[in-house]
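# Observations on chain architecture
Read off the chains here:
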Amino acid sequence: MASFAYRGRDRAGEIVQGNMEGATAAAVADLLSGSGVTPMEIKPAAAAAVKPAGGAGFKIDWFKQKVEHMDVLLFSRQIHTLLRAGVPIMRALTGLQESSANPAMREVLQDVRESLDSGREMSLSLARHPDVFSPFYLSMVRVGEMTGRLEEVFIRLFDHLAFERFMSDQVKSALRYPSFVVAAMGIAIVIVNIFVIPAFAKVFKGFGAELPLMTRLLIGFSDFMLNWWPLLLIGSVAAVFGFKAWLKTTKGRYNWDRFKLKIPISGKIVRKATLARFAASFALASRSGVPIIQALTNVAETVDNAYIADKVEKMRNGVERGESILRTSIAAGVFTPVVLQMIAVGEESGALDDMMKEVSDMYQSEVEYELKTLAQQIEPILIISLGIMVLILALGIFLPLWDLGKVTMKK
């Protein structure tokens, strides 16, 4: 059997991880689910990743198609429609498998059908694919099975996933123009320093006079790039890979997610988007009958911010000790006064899920507006930066030419 490294949550909501042997990742997921652990990530252990030297068993999966977010989104919507129409779940899965355009999704649905056919529950069958279905998704399906409202849970999951996709698309759309401008500025700087400034430097050296400070700085920077470009290139690549490796660490991801909230302009958008995601997930879990402690555990997995997720985990610990949600929310220190006020009203009136839904809708509208105006907010900064760069180049290149013109006129 192969060895797999796993990471999941036990019944108390605590993170557990380790190694387990199994024929496949799905088999390991079954063993973990049977022991009360909800799998979050299952991957081959380091020793299991080594392939035979002779090439037997060697398989290139570089171009293997994966299950995308849209596949899970469509699955949630379609399975809701079929179950609501009274179609048996096995027939519904068969139809979805045959109609799916993604081969990877068809394989997942085939495995889910076989798992259901062997007597497992829907949530356990989906848990065999932790890389496709998130812990929050699995928890909601499990609640739907217990309450007999599985089709209702699937439509709520669809709305939740649609909101996630909308947020992602809006961010990408808003950052497309600024990213293009920044990339163009970077390319321009490289071209000027490699081709333009060295040509002017040869002319300036023939003046036999002391060059202005700005010109000396430009020539020095250009010479530095020309002489050390291999190390600069290696250093840039190493910095990118090092940053990605740092983000994969628990401490690195925590510090980066905390720093993102403090970045000018984008920080407030990230915070509002995270709070909208928190409120929407909490409202969904609460309306589906999930206990508060379990709901907070699930919500911590969906906020997509390690710093705020840690604060939500501490909220859960406070609720376990008997504290109110409002008190733990205030102690977390990441919620705005509006959110705290809505939590206080919801907790007092017993309609916390409705208040969280209103918070989600409110922040979703604000995030939509912020994202639509993001390009307009960044545009002045880009224009000023571009103007400063042009000014530096103009002063560094043309000041010596002006001095040369004055000397010629005097002669």
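Above this text is the structure in question.
So, how was this worked out
- Residues numbered from 1 in each chain as written.
- Predicted model: local features only at pLDDT ≥ 70, side-chain atom pairs only at ≥ 80, totals over all residues.
- Heavy atoms only, no water.
- Buried < 20%, exposed > 50% of the residue type's maximum accessible area, 1.4 Å probe, protein only.
- Helix = DSSP H or I, 4+ residues; strand = E, 2+ residues; numbered from the N terminus.
- Arc of directions from axis to C-beta.
- 1 Å grid on protein atoms, 1.4 Å probe; cavity = no way out; pocket = protein on both sides within 12 Å on 5 of 7 lines; lining within 4 Å.
- Points joined across faces, edges and corners; volume = space filled by probe spheres on them.
- Nonpolar A, V, L, I, M, F, W, Y, C, P; charged D, E, K, R; others polar.
- Patch = residues over 30% accessible without salt bridge, like charges linked within 9 Å, V, L, I, M, F, W, Y side chains within 5 Å.
- Areas by Shrake-Rupley, 256 points an atom, 1.4 Å probe, with all protein chains shown as cover.
- Salt bridge = Lys/Arg side-chain N within 4 Å of Asp/Glu carboxyl O.
- Polar contact = N/O pair within 3.5 Å; in protein donor to acceptor, adjacent residues only side chain to side chain.
- Contact = heavy atoms within 4.5 Å.
- Axes fitted to C-alpha atoms, helices over the stretch in contact; angles between N-to-C directions.
- Left-handed = near helix turned anticlockwise from the far one by under 90°.
- Core = buried A, V, L, I, M, F, W, Y, C linked by side-chain atoms within 4.5 Å.

### Remarks on helix H3 (residues 89-99)
Of all the positions in H3, only Ala92, Leu93, Leu96 and Gln97 are classed as buried. Around the axis of H3, the buried residues are gathered within 135° of arc, so they sit on the same side. Facing away from the buried side of H3 by more than 90 degrees, the exposed set consists of Arg91, Glu98 and Ser99.

### Observations regarding empty space enclosed by the protein
Summary: where empty space remains is shown by rolling a probe the size of a single water molecule over the atoms. As enumerated under the stated definition, the model contains one cavity of 30 Å³ or more in all. Around the largest cavity sit Phe278, Phe282, Met315, Ile325, Ser329, Ile343, Leu352 and Met356, which together line it. Secondary structure elements with two or more residues in the lining of the largest cavity: helix H10 (266-287), helix H13 (325-332) and helix H15 (352-372). The class makeup of the residues in the lining of the largest cavity is seven nonpolar, one polar and no charged.

### Concerning a nonpolar patch on the surface
Together, Ile187, Val190, Ile191, Ile194, Phe195, Val196 and Leu226 make up a nonpolar patch on the protein surface, roughly 570 Å² of accessible area in all. With six residues, helix H7 (residues 150-205) is the single largest residue contributor to the nonpolar patch. Examined against the element boundaries, valine 190 turns out to sit in helix H7.

### With respect to the side chain of aspartate 71
With respect to the helices, strands and loops of the structure, aspartate 71 is situated in helix H2 (residues 69-84). Separated by 2.7 Å, the side chains of aspartate 71 and asparagine 102 make a polar contact. Apart from the residues lying within four places of it in its own chain, the contact partners of aspartate 71 are Lys66, Asn102 and Met105.

### Regarding the pattern of salt bridges
Applying the stated criterion across every chain yields a total of 14 salt bridges. Salt-bridge contacts for lysine 314 lead to aspartate 310; the nearest nitrogen and oxygen are separated by 3.5 Å. Note that lysine 314 and aspartate 310 are positioned in helix H12 (residues 306-320) at a spacing of four residues, about one turn of the helix. Residue class for lysine 314 comes out partly exposed when judged on its relative accessible area of 48%. With a relative accessible area of 25%, aspartate 310 lands in the partly exposed category. Where salt bridges share partners, they join Lys268, Lys272, Glu366 and Glu370 into one cluster.

### As for the packing of H12 against H13
The description of two helices packed together rests on the angle between their axes and the distance between the axes. It is at 9 Å that the axes of H12 and H13 come closest, and there the two elements cross at 145°. Along this stretch, H12 crosses H13, giving a crossing that reads as right-handed. Between H12, through Lys311, Met315, Gly318 and Val319, and H13, the contact on the second element is made entirely by Ile325, Thr328, Ser329 and Ala332. Here the residues of the contact of H12 with H13 are counted per class, giving four nonpolar, three polar and one charged.

### Considering the nonpolar core
Membership of the largest hydrophobic core comes to 42 residues, with the highest contact counts inside it found for Phe278, Phe335 and Met356. At the level of secondary structure, the elements contributing two or more residues to this core comprise H7, H10, helix H11 (292-300), H12, H13, helix H14 (337-349), H15 and helix H16 (374-410). In this view, phenylalanine 335 contacts Leu275, Phe278, Met315, Ser329 and Leu340; residues no more than four positions away in its chain are not counted. Leu73, Met122, Leu126 and Tyr137 belong to the second largest nonpolar core, which has 35 residues in total.

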